[in-house]
Amino acid sequence: MKREIPLLIVFVAGCFMAIQFFVPHASSEYVYEFVMDWTIIIGVFAMALGIWSFVKVSLNKINRRQENWQYSIVAMAGLFGMIVFGSSIMKLFGATQVGLESYMFKHFFDYVIIPLHATTFSLLAFYIASAAFRAFKAHSLMATVLLVSALIIMLRFNPFLGPVGEYVGDGAAWILNYPNMAAKRAIGIGIGLGMVATALKVILGIERGYMGSD
Amino acid sequence: MTNIGLYFSIGIIVIGLLAILRYSLKGKDIDRRIIFLFMFITVASSLLFKMEFPEKPTLIVKKVFNKIENLPEGSRILISFDFDPAMKPEVMPMANAFVRHCMVKKHKLYIMTLWATGQALMLESIEEVLKPEFPDAVYGEDYTSLGFKAGGVGVLNVIITDFRKMYATDEHGTPLDEIPLFAEVTSAKDMDLILPIGGGAPGPKEWILFVGDPGKVPIAPGLAAVVAPLIYPYYPKQAIGLLGGVKGAAEYESELLRNYDQFKDMDTPALSMMGPQTMAHIVIIAFIIIGNITYFRKRRMNDNA
C-alpha cells in the first residue's frame, strides 16, 4: 500500500489535469486554480526548505573548518543581514522606512548585489573572447559553417561596414529567421514530445524516480 | 579631445593585434591573459571616450515600437520586470524605454514582476523614470504596480483567468477593487499588450506559453541577448516582435529619439553601450581570425615535419 497509494494519486491527478485542459467549464477552472494555489504553497515551502538546507550546509562547513569555510560566514551574513535590514526590527534602531524602502536594504541591493551580479555576468565577455579564439576553428565543414554564421551575426552590429552592412544585416536576419528558427522549433517540438512521454510514464507508474529509491 | 583618446586607443588595439598576428604566423599560441587584456582595453577605452554609433531599427524591433505607437490612447499595457541585477545593464534600458513610450502615448500601465530580485528594479524604473519624467501621471489611474508574487508559472496560470485570485491588493496593500485601473480588468486577457522583460525562467517564454498564446494577448518581449535566439521561433505569431539584448534596446531608444523631441535629453544607456559592444565584437572577430591562422599554420608545419 505504501507504494500503491502514491501511484494511484499520481494516476488520478495526472489524468484529471490532462482532461481538465480540454474542459472549458467554470467548475473545471475552479479546480484548476485550486490546484495552482497548492503549487504556489508547495513552492513557498520549498523556499523555506532551501534556506534551512543552506543554513545547515553552511554551519557544517564552518564547524568542520572545511576548505573556504570563511565564505560560508559571508554568505550567512548576507542572507540574515538582508532579512534583518528589510524587516520591521530596524525601526528599533531608528529606521523610518522598512522593507524595500529601508535605507540599508536599498543600499546593500544597489551598491553590493547589483554590482556583484553585473560584474559576474560581465566576465562572460572575457571568457567568450578566449573561448572563441581557442574553439572557433575551421577544422571541418560543419565547424566552418558555424564559424561563418557566428561571424555574420557578430558583424551585423558593425557600423564600419558601410554599404556592405545592409547585406550582412540581411544575411544575419536570414540566419536567425530560417536556420536558427527551424532548429529551435525542431528542438522545441522534440522537448515537448519528450515531456509528454515522460509525463505518461509518470502517470502510468512506469517512471517512479519521484518516489525515491525503488 | 575625445576623438584623440579614442583614436589613440584604437591605434594601440590595432598595433597590438598586428603584433599578435605576426606572432601567431610563427605557429605559436597566445596566452589567454593577452586576450583578456585586449578585451579590457577595448571595452574600457570605448566607455571612457564615449564611442556611439547611429542605430537603425530592424523590422523585429520596429514592430514592437509601432504596436505601442498605434494602440489607441488609454490602452492597457502590462510590463513584467522578470530579471535580476545580473541582467539589469542589458534589459533595464528596454524597460525604461517601454515605460517612457507607454506614458508618452498615455497608455495605462500595469507593472509587476515574477522575480523577487525584480521588485527593486521595478521600483527603480518607477522612481527614476516614470515619476520624474511624467509628474502628472497619477498612481492608480495612469499606472499601477502589483509588485512581486511568488509562484512563477503558477501566477501566470491564475492571472490568465483572474487577477484578484492571485493579487488581493497592489504593491501598497490597496485592494484591486479600489484601484480605478482595475475597474474593468478581470484577467490578463483584458490587456491590449504584454511586455515581459527578462531572460530566465519564469520569463518571456512562459508569458508566451501560459498567457499570450492561450489568452490571445499580443506579446512583445524584451530579452537578454543569450536567450533571444530561443524566442525567435515564437515570432511573428506568438510574439509580435522582440528586443534582443543591448542592440534591441539601442534600436528602440533611437526610435524614441527620432520620434519624440521631448526625449532628446533622456538617458540612453543602450546606445552608449553599443560602442563598447561593437568594439568588443571586432576584437573577438580579430582573435577568431588570428586563432584560425595559427591553427592552419600549425597544421602545415606538422604536415611538413
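Residues numbered from 1 in each chain as written. Chains lettered and ligands numbered in written order. Predicted model: local features only at pLDDT ≥ 70, side-chain atom pairs only at ≥ 80, totals over all residues. Heavy atoms only, no water.

Attention now goes to the confidence of the model for chain A. Mean pLDDT over chain A: 87, with 99% of residues reaching 70 or higher. Here helix H4 (residues 103-135) of chain A is the element of chain A with the lowest mean pLDDT, 86, and helix H3 (residues 69-86) of chain A is the one with the highest, 92. (pLDDT = per-residue confidence, 0-100. Helix = DSSP H or I, 4+ residues; strand = E, 2+ residues; numbered from the N terminus.)

The next thing to look at is the interface of chain A and chain B. Facing the 42 residues of chain A at the interface are 50 residues of chain B. Across the interface of chain A and chain B, roughly 4300 Å² is buried in total on both sides, 74% from carbon and sulfur atoms. At the surface where chain A touches chain B, the tally comes to zero salt bridges. Applying the counting criterion to the chain A and chain B interface returns six residue pairs in polar contact (both at pLDDT 80 or more). (Contact = heavy atoms within 4.5 Å. Buried area = accessible area lost by both parts, 1.4 Å probe. Salt bridge = Lys/Arg side-chain N within 4 Å of Asp/Glu carboxyl O. Polar contact = N/O pair within 3.5 Å; in protein donor to acceptor, adjacent residues only side chain to side chain.)

So, on to the domain arrangement of chain A. All names here are of chain A. Here chain A is described as being made up of domain 1 (1-66) and domain 2 (137-207). Taking the mean C-alpha position of each, domain 1 and domain 2 sit 34 Å from one another. For the pairing of domain 1 and domain 2, the buried interface totals around 330 Å² over both sides, and the portion due to carbon and sulfur atoms is 82%. Contact with domain 2 buries surface across domain 1, with Leu 7, Val 10 and Phe 11 losing the most and accounting together for 78% of the total. (Domains from an automatic or database assignment.)

Further remarks concern the domain arrangement of chain B. All names here are of chain B. If you check the domain split of chain B, you get domain 1 (2-51 + 269-304) and domain 2 (59-263). Between the C-alpha centres of domain 1 and domain 2 there is a distance of 38 Å. The interface is formed by six residues belonging to domain 1 together with nine residues belonging to domain 2. Both faces combined, the contact of domain 1 with domain 2 buries some 640 Å², and carbon together with sulfur accounts for 79% of it. Our count for the contact surface shared by domain 1 and domain 2 stands at zero salt bridges.

Here we take up unusual backbone geometry. Ala 201 of chain B connects to Pro 202 of chain B through a cis peptide bond whose omega is -5°. Considering the arrangement of structural elements, one finds Pro 202 of chain B in the loop between strand S4 (193-198) and helix H7 (204-215). Positioned with a positive phi, Arg 65 of chain A is a non-glycine residue whose angle comes to about 50°. Following the sequence through the fold, Arg 65 of chain A ends up in the loop between helix H2 (26-63) and H3.

So, about a nonpolar patch on the surface. Residue and element names in this part refer to chain A. On the surface, Phe 16, Tyr 30, Val 31, Phe 34, Trp 38, Ile 41, Ile 42 and Phe 45 cluster together into a nonpolar patch covering about 850 Å² of accessible area. With seven residues, H2 is the single largest residue contributor to the nonpolar patch. Summarising the element assignment, Phe 16 is placed in helix H1 (residues 4-20). The class for Phe 16 is partly exposed, based on a relative accessible area of 36%. (Patch = residues over 30% accessible without salt bridge, like charges linked within 9 Å, V, L, I, M, F, W, Y side chains within 5 Å. Areas by Shrake-Rupley, 256 points an atom, 1.4 Å probe, with all protein chains shown as cover. Buried < 20%, exposed > 50% of the residue type's maximum accessible area, 1.4 Å probe, protein only.)

With that out of the way, let us pick up helix H4 (residues 88-104) of chain B. Structurally, the α-helix is built with 3.6 residues per turn, so residues lying three or four positions apart point the same way. All names here are of chain B. Taking 1.5 Å of rise per residue, 17 residues should cover 24 Å, and H4 covers 23 Å from first to last C-alpha, within 8% of that figure. The buried count for H4 comes to 16 of 17 residues, which makes it a mostly enclosed element. Positive phi appears at Lys 106, one or two residues downstream of H4, with a value of about 60°. (Expected span 1.5 Å × (residues − 1).)

Another aspect to go through is the pairing of strand S2 (residues 108-113) of chain B. Residue and element names in this part refer to chain B. Of all the six residues making up S2, five are buried; the element is thus mostly covered by neighbouring parts of the structure. Across five bridges, the pairing between strand S1 (residues 76-82) and S2 is parallel. The residue bridging Ile 77 from the neighbouring strand is Leu 109, located in S2. Taken together, S1, H4 and S2 form a β-α-β motif whose crossover is right-handed. Where S2 lies against strand S3 (residues 143-148), five bridges are found, and the strand directions are parallel. Pairing of Tyr 110 across the sheet is with Thr 144, part of S3. Regarding the hand of the β-α-β motif, the stretch spanning S2, helix H5 (residues 118-133) and S3 is right-handed. (Pairing = 2+ DSSP bridges. Right-handed = clockwise from strand over helix to strand, strands pointing away.)

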